[in-house]
Every structure is written in C-alpha cells, then in structure tokens.
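# Structural overview for review
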Amino acid sequence: MVLKIFFPQCCNLADSGLLVGRWIPGHDSAVVLAVIHYPFIPAQVKQYIQQIQRQSGEELAVLGSWSLPKESQEGMESFLRDLSTIFPQERWLQISRKMGKMGFTCQILSRSQRAAGEEREKQSRSEEDGEEEEEKEKVVFVHYDQKKVMLSRLHPVHMEDTQTAAASELRQVFQTVARSQPLFLLDRYDDGPLRSTHWQTEGREGSILVELLKRASVPLCLLLSWPMSIWTRFCRLRIFRIFPLSVLSSKLSTCIQLSHRSEHMRSISAPGAASSHIEFTRKANTVVSVLVDVALGILLMTWLYRDEHVATLASALVPAADRVATELEQLLQWLMGAPAGLKMNRALDQVLGRFFLYHIHLWISYIHLLSPSVEQILWYGGLSAGLGLTFALSLLSDMVALLTFHIYCFYVYGARLYCMKVYGLSSLWRLFRGKKWNVLRQRVDSCSYDLDQLFIGMLLFTILLFLLPTTALYYLVFTLLRLVVVLFQGVLHLSVDFINSFPLFALGQRICQPYRLAEGVKFRVLCEEPGSALHLLMEINPLSCSAVVQTYRTPASSCYPRDSWAALVRKLFVGELVYPWRRKSSKAD
Amino acid sequence: MSAFIVPKTRKYPVYSRVMGPDSAPGQTVPWRKVLWEPQPYPDNYVDHHFLEELRRNEGIRQYRYWAVVKEAGFVGQQMSSVAIFLTLWLYMEQGLLAPGTLLWSSLVCALLGYGLHQVLTPQTELCSHPRTHLADLQSAAIFLSFTFGFSPVLKTLTESVSTDTVYAMSAVMLLAHLVAFPYAQPSPPGSLSLNAALFASVCLASRLPGSLHTFAMLSCALLVFALWPCLLQRLRENAPGHFPGACVGVCIGGVGGLGSQSVGGALLLFLALASVTFLCPLLLVRLQRHKDNIHGPWDEAEIHEDLSRLLG
C-alpha cells in the first residue's frame, strides 16, 4: 500500500502547524492545501474549516501536523501527538522535516492505535529493523505548484456535475485544488485569528486589466443585447420567408455570414456568466475572433479608401469582364471548328455553338448596362469590410458568383443535355441487347419488345450514339470552367470559416500560460535518499496545439466537400450536377 | 485369401473362398454392389456385371440428309437477303437506282407481302389473336413518319466518321445479325439480330447522297429484315411445300444481284451458300457415325419436372 501525499511547493518551508486538505475517496491519497500555524484555537480552526467547506463545497479536513522545527522550538513531538486527539480523523499524518535535509519523514497513526493509547510507528525507514517488516506503509510525496494546478483544467473536460469516485485520482486532485479557492483568500495581511500558508500568502494576486474586463463585461453585455434583440426581431419578420428572399438569403454567402455573426453576438451578449470552462473559452474565442475580424476589416478599408483604389478597381472590372467574354467566344469558335482534331457532328456543333454565343452576347450587354454604377457599388460594398474581413470576403465571393453566372448557366445546360444523353443511351443499349430495367426488382431483366419499339429505339440509339462526342466535349469544357470558379469560391469560403472558427484565445492561452490547458502530468524525482520517502515533482503536461484547436473550434458552419473523390468523379462522368461544397450549419452547443 | 474369378458365361453369383479368421473355409458370400455394409471383398472389386449398364449413343437423332438440307436452306436464304440488301445499297450509292423507284417498289412488295400473310393465316389464329388492319396501319404510319422525320438527322450522322470505319462497323453488325438470328422461330424477331441489322443499315444509309435516299434505304431495310422473316415463318408453317421454293428463289436473287455488281462477290456468296446448304449437312450426317457418347448410371441425375400435375 502506497500512500500518496500531494504537497504544495509553497509549504515546503512553512512554519510548523496543522495540515489542512482532503482525503481523496476511493484512492489512497491525500491533498494538502494549506498549513495553519500555531498558535491557534482548535474551535476557531474547526469553525474556519466548516466555513470554507460551505463556500467551496469540498470536504476539507485537518489531515495531520507539519513540523519544521526552528532552533528555539524543541520538544514538539508530544505536543504534536496530543493534537491528534483534538481532531479526530481516521488517519493522522505527522510529517516533519529537518532544516538542511531534503527529505521529509512521515508517521501515520490510525485511529485504533491512538485510541488504544499505544503507537505503533509505521516508519518508512526500511533498513532499520530488517526482521519485523509486517505492514510497511510506504509514503510518496508528490510536490505540486499550487497556483498552476488551481488554474489548470484537465482535458478531456467532462461535465463537472458529479464528484464520484469514478473520476480518476488526478482529476480529483485538480478539482479539489480548483474548488478550494476560498481557502486561498486569507493572506498574511489579514487581521484574522488564524495564520495560514498557501500560494497566495504573500498577497492576493490580481491583474488590473482582468479586473477591469470583469467589471466592464456586465454593462457591455447589456449594451450589446439591446441592438441584438432589435436585429433578431427584424430578422424574424415574415417578409423574409417569402420565396425569392428566402432562397436568396440561403444562397448568398454574405447573408449566411451575417447570420453567423449575429449568432455569435447573441451568444456573447447573453446575460449570465459562462457555466463551464469550455463555454467560457468558447465565448472568449468568439470575442477575440470578432475583434480580430473587425481589425483586419478596418485595415482593409483604410487601404481601399486611400489613393483612389476603389476607382482603379472599378475601372479595371468592366474590361476584365469583357476580356472573359472574348475568351469564351474564342473558345466556342474553336469548339465549333475541329477542336483537337476531333470529328464533331457539324450540325449539332453549329447549333450548340450559336446558342452559347448568343448567351454571351446577352451577358456582355448586361455588363455594359451596369458599367456606370460599378464604382458606386464597389464603394458601398467596401463599407461592409467595416463589419469584418469575413464580410468583405463573403461579398467578394458573391460578386464572383454573380459575374460568372453565365458560366454556371452554360454548365447547367451542358450537364443536363449530357445527362439526358447518357441516360437515354444506357436505356437504349439495354434495348439493343433485348433487356430492360426492372424497377421493382432493381435489376436488368430480359424483355421481348414489339417490332415498332425495336425500330424506333434503334433509330434513337444510333442518333444518340453518334452525337455523343459533340455533347461530351461541350460538357467537358463547361464543367472545367465551372470547377475553376467553384474552386476559387471554395478558397474564399474556407478562409472565412477559418477566421470564424479558429480558437485564437485558447491558442494564446496555450502559448502564454501552457499550464492552463493540461493533458496530463509528468513526474520528476526530486530526492531519493535511502531511508526517507520518495519525493516526486508533478509537472503539468500541456495540451498539444492540434488538440487545442480541435477541442476549442467554434462549430460554425464549416464548409467541407460533400462527396468523396470517387463519388465526385462518378457524378461528373454521368452528368449529374455537382455542388462540391456543402455547408454544414450547426448551432454551437 | 483366394478369389476365384468365374468366366463370363456363367450367370450365377460368384462365390469366393475366404480364409478369414472367423469363417470356415468353403463359406461363400455373394458380392453386392453396396459400400455401406462390410463385405469380405476389397472396395474396388467388380464382378462380371461390370459395365452391363453402359449405354452408348443413347438418344441421338438420325439425321436424314435432305431434311437437313431443307432446314439449312433457311440459313442460306438469310445470307442471300443480306446480299440483296447490300446490292440495293450499292445501286443507290452509285446513283443507278432512284430513291423514288425504290420507295414505290418497296410499297408494292409490302402490300403484296401483307396480302400473302393474311391469306396464309389460318382461321383459328385469326380469331384468337385479332390484330386489326387498323393497328397494322398505325404501326406502318409510325414507322414511316419517324423515319421520314429523322432522315435529315440520320444523313449527317456519319459525316465525320471515315469510310473504312463505317464499312467495318456495318460488316460486324451484319455478321452479328446473321449469327444471332433466331432460325428456329423467326416470327417474334430477336432483339439483337434485328437491332444489329438496323444499326448497320443506318450506318450504310447515312453514306448516301440525299436524305430521301436515306429514307428509302431505311424503309427497304425494314422490309427485308423485319417483315420478310415473319412472312417466311408463316410460309414455313402453313405452306411447307412452297417454303424451299421461296428459299431457292431468294438465293438465286442474291447471287444474281451481287453478280451484277461484282463477280467476285457473287462467287464468294455462291461458295458460301453451297457450303452452308450442301456441305455442312453432309458433314453433319457423315460425322454422326463417329459419335461415341456413353451413358450410364454414373451420369448426373436430371430432374424432369412434370409441372402439369401442379397445374391441376
């Protein structure tokens, strides 16, 4: 049986006194939280401990006595032993240390022994009396840094609703120290009846910024919640449920980003403190990401509105659109000839080519119609960057989608034509072989066709087969164009999601105060003198950066590919319309 | 142990003298062809009944030469009709045959064939499957309108494909048509064979100079590949005496037509017809002699289900 005693490093050189702490239920260990020094009145000590117990909710108790005899204090042994009768415990620890020596000695007295009056010293001097080694209770001292353990959180963080013994020993140690915060409020400048030693004895630590933020957060939240409620009521208006607006608002990424940000702001401005550590970190992450976003956006704005950049951009936009249209026209002329030496069906080629050329002509007229007001549009659009860089990127993505709408149309036409052709061909191929698709059994069955069905089916099959290369080529070209646009939009969306969901606050915590996010602990041997107990130093293992990012990511709408590569290729081959990015929107839990 | 092997003339069971530990010499045990009882014989012992149950060439048919020739005539006839079609196409391509002429003659032939078909149908079948003239007219109208409507499209289909490819595809498809043709029962036309023939005809028809040519060629193809076998089947069933005459007529027509275009082709066709009609049956009948199938109780059991008892 090994008894583990978690001893705070700040108490290594404390004056003699009583040890206050907690026995960990279910494990053979004890956590020492503070040392209460002589002189004291036992009744006051008991009262104080009960008060702390009420405030913190932890079962604190007096564990034993600590003696670090200075020069003038001799003969404490019997005094210490008598103390054990005042505070009745199951087990009483007597830890002592000699100045100049590194190791502690610990004597454990059980209640039965004390009641019987005799003490059977169970020492950990193993080599003293070699013959009688009945139950040697070994003691291991684990030294810990109290401040760090108090502030740290052990990951993976469970919902802290139970104090069951099922939680591991380490978790219970961390919980005990974290919850015993009221114990550490008594410093040496207080005029109370008791003197204690813990990590905050020299004076309570605090940071002005943190205190200011804490005080200012409540009025800020109230201030924020008022416009948020107005905005929420506005968004819930019936008018937005009607068909065109609802479709538009679900497709435009600016609207989606707007809804996300309002969701975030709503969660920040909710009255009531964060109930758990994770919620607090999430809120902090959201605040930091909003601030960073707005800062970047303002940076963009200062660049945009300086030196007539808006006008330059506007004047470059219309010629760029013209250029794109000319390139497309040239592409179509090439397709209408003999592209890459392939033999196309001339008639169909001409038909499709002319159709698409007419479309481009329409589009160019539309762009030219808009050209006087492009600068105004850009100017007002740039204002949206004030809301955040993400808004500017979403607006850019929407504008790209609008400008390349004709490519999207071409893609849809080509894909539909190709899909119908492939479908018709596969069905007629089955007719060629004398088979048919059985819808009920989902399999191919033989079928005896009539003469007229065979004849007409054969004609159509021949026509479709010979026209396939032409259609396939047009489909291929337009699909490639569409995929380029989709890729560009995807990059924009990914960067928006990155800014939205990256946990900057948690990462900052990990870098500046790594002990706050603990993954586990590691032990280092401090002193291993023969004849005294083993002393270990417990150091906190911080969570790895990737685990931090994974745990604290804001579950915003993440944009990820809908299909795997194989499914995407199959869809492209058959001619189904592909929408490669899927938006997964989930509420933050 | 000593075993006596009795010569085959005797018909009584074999007795063998076994010097076993618990049997007195002179005791005999008849051998039975079972393995589930321990017998004093080795497992692979056989007696003179061995191979008595062997049957050779059970159930083979005796072919008679001329009957086979008559049936083989059908195959030759089909080859010849393909040759007739190709001849017509060659004439059209060279411009020697006007599409109008072909169309009118196809129409006349179709009407004649229809009339013959109706005449040959026995009365009983007319009553049980009443297919009215109106339905036939409707089918014909659908064919003609579709073909006429699509013929401009069909004409430009193979413009960009090289001539060699077109000829190769057509040849392969016509070969597939001949191979997959349901010679036993041509009346409901086999899908693969008819489709292959139509595909080949579309490929060939798209090479012609005008869309009316295409239309005429396709109507002719329909006649030759889809309607003619139905008539032939009717003939075979109901006027078996005239059937060989029809086959011979078609063969002569095929050879003659091809001969007017290319003598080499005609010669090739003639040789093919001769071998299919006369040589192959001869081989079939002659080689029957060498057939040597053995059957016996060791064959796999075939279950002949008699479903009529289930149908009550």
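Keep in mind it's a predicted model, so treat the numbers as computed, not measured. (Residues numbered from 1 in each chain as written. Chains lettered and ligands numbered in written order. Predicted model: local features only at pLDDT ≥ 70, side-chain atom pairs only at ≥ 80, totals over all residues. Heavy atoms only, no water.)

## A few points about the side chain of A:Ser180
The criterion, for reference: By the criteria applied, helices consist of DSSP H or I runs no shorter than four residues and strands consist of E runs no shorter than two, each listed in order from the N terminus. Whether two residues are in contact is decided by their heavy atoms, any of which lying within 4.5 Å being enough.
Locating A:Ser180 in the fold gives a position in the loop between α5 (169-179) and β9 (196-197). For A:Ser180, the residues in contact, after removing those within four places along its chain, are A:Leu33, A:Ser56, A:Glu58 and A:Leu60.

## Some points on the confidence of the model for chain B
Residues and elements named next belong to chain B. We apply this condition: Think of pLDDT as the predictor's per-residue confidence, scored from 0 to 100.
Averaged over all residues, the pLDDT of chain B is 85; the fraction at 70 or higher stands at 89%. Helix α5 (residues 163-180) holds the highest mean pLDDT among the elements of chain B, 93, whereas helix α3 (residues 123-128) holds the lowest, 70. Below pLDDT 50 for its whole length, residues 10-26 participates in 24 contacts with residues either more than four positions away or in separate chains. Note on the complex model: pTM 0.72, ipTM 0.77.

## Some points on the pairing of strand β6 (residues 104-110) of chain A
Within a regular strand, the side chains alternate between the two sheet faces. Residue and element names in this part refer to chain A. Put simply, the rule reads: Exposure is judged per residue with a 1.4 Å probe applied to protein chains only, and the accessible area is read against the type maximum: over 50% gives exposed, under 20% gives buried, and values in between give partly exposed. Here the rule is simple: two strands pair whenever DSSP picks up at least two bridges between them.
In terms of residue burial, β6 counts as a mostly covered element, since five of its seven residues are buried. Two elements, strand β5 (residues 91-97) and β6, share seven bridges in a ladder whose sense is antiparallel. Each residue of the ladder has a partner; that of isoleucine 95, found in β6, is cysteine 106. The turn joining β5 and β6, which pair antiparallel and follow one another in sequence, is formed by six residues; a positive phi near 90° is taken by glycine 100.

## Thoughts on the interface of chain B and chain A
Accessible area lost upon the coming together of the parts is a frequently used measure of interface size. Put simply, the rule is: The term buried area denotes the loss of accessible surface (1.4 Å probe radius) that occurs when two parts are joined, taken as the sum for both partners. Just to be clear on terms, a salt bridge is a Lys or Arg side-chain nitrogen sitting within 4 Å of an Asp or Glu carboxyl oxygen. For the purposes of these results, a polar contact is taken to be a pair of N or O atoms within 3.5 Å, where, inside protein, one atom must be able to donate a hydrogen and its partner to accept one; residues adjacent in sequence count only when each atom of the pair is a side-chain atom.
Contact residues are listed per partner, giving 30 residues for chain B and 24 residues for chain A. Summed over both partners, the interface of chain B with chain A buries about 2300 Å², with 78% contributed by carbon and sulfur atoms. For chain B, the biggest contributors to the area lost against chain A are B:Leu157, B:Asn195 and B:Phe199; these three give 24% of the whole. Here chain B and chain A share one salt bridge between them. The shortest N-O distance in the salt bridge between B:Glu159 and A:Arg346 comes to 3.5 Å. Our count for the contact surface shared by chain B and chain A stands at three residue pairs in polar contact (both at pLDDT 80 or more). Of all the secondary-structure elements, those providing two or more residues to the side of chain B that touches chain A are α4 (133-155), α5, α6 (191-205) and α7 (211-238) of chain B. Here the side of chain B that touches chain A gets nine residues from one element, more than from any other, and that element is α6(B).

## Remarks on the nonpolar core
How we decide: In this text, buried Ala, Val, Leu, Ile, Met, Phe, Trp, Tyr and Cys residues form a nonpolar core when linked through side-chain atoms within 4.5 Å.
B:Phe85, B:Phe199 and B:Phe225 are the most contacted members of the largest nonpolar core, which totals 48 residues. With ten residues, α6(B) is the single largest residue contributor to this core. Ignoring anything within four residues of it in the chain, the contact list for B:Phe199 reads A:Phe432, A:Met458, A:Phe461, A:Thr462, A:Leu465, A:Phe466, B:Met169 and B:Met173. By size, the runner-up hydrophobic cluster in this structure holds 40 residues, among which are A:Leu33, A:Ala34, A:Val177 and A:Phe184.

## Comments concerning the pattern of salt bridges
In the structure shown here, the tally under the stated rule is 13 salt bridges over all chains. Note that A:Arg323 is salt-bridged to A:Glu327, the shortest N-O span being 3.6 Å. Taken as a pair, A:Arg323 and A:Glu327 lie in helix α10 (residues 309-336) at a separation of four residues, close to a single helical turn. According to the relative accessible area criterion, A:Arg323 is exposed, its value standing at 56%. Two residues, B:Asp292 and B:Arg56, come together in a salt bridge whose shortest N-O distance is 2.6 Å. A residue pair is termed long-range when its members are at least 10 positions apart, and B:Asp292 in the loop between α9 (263-287) and β2 (294-295) and B:Arg56 in strand β1 (residues 55-56) qualify at 236 residues. With a relative accessible area of 53%, B:Arg56 lands in the exposed category.

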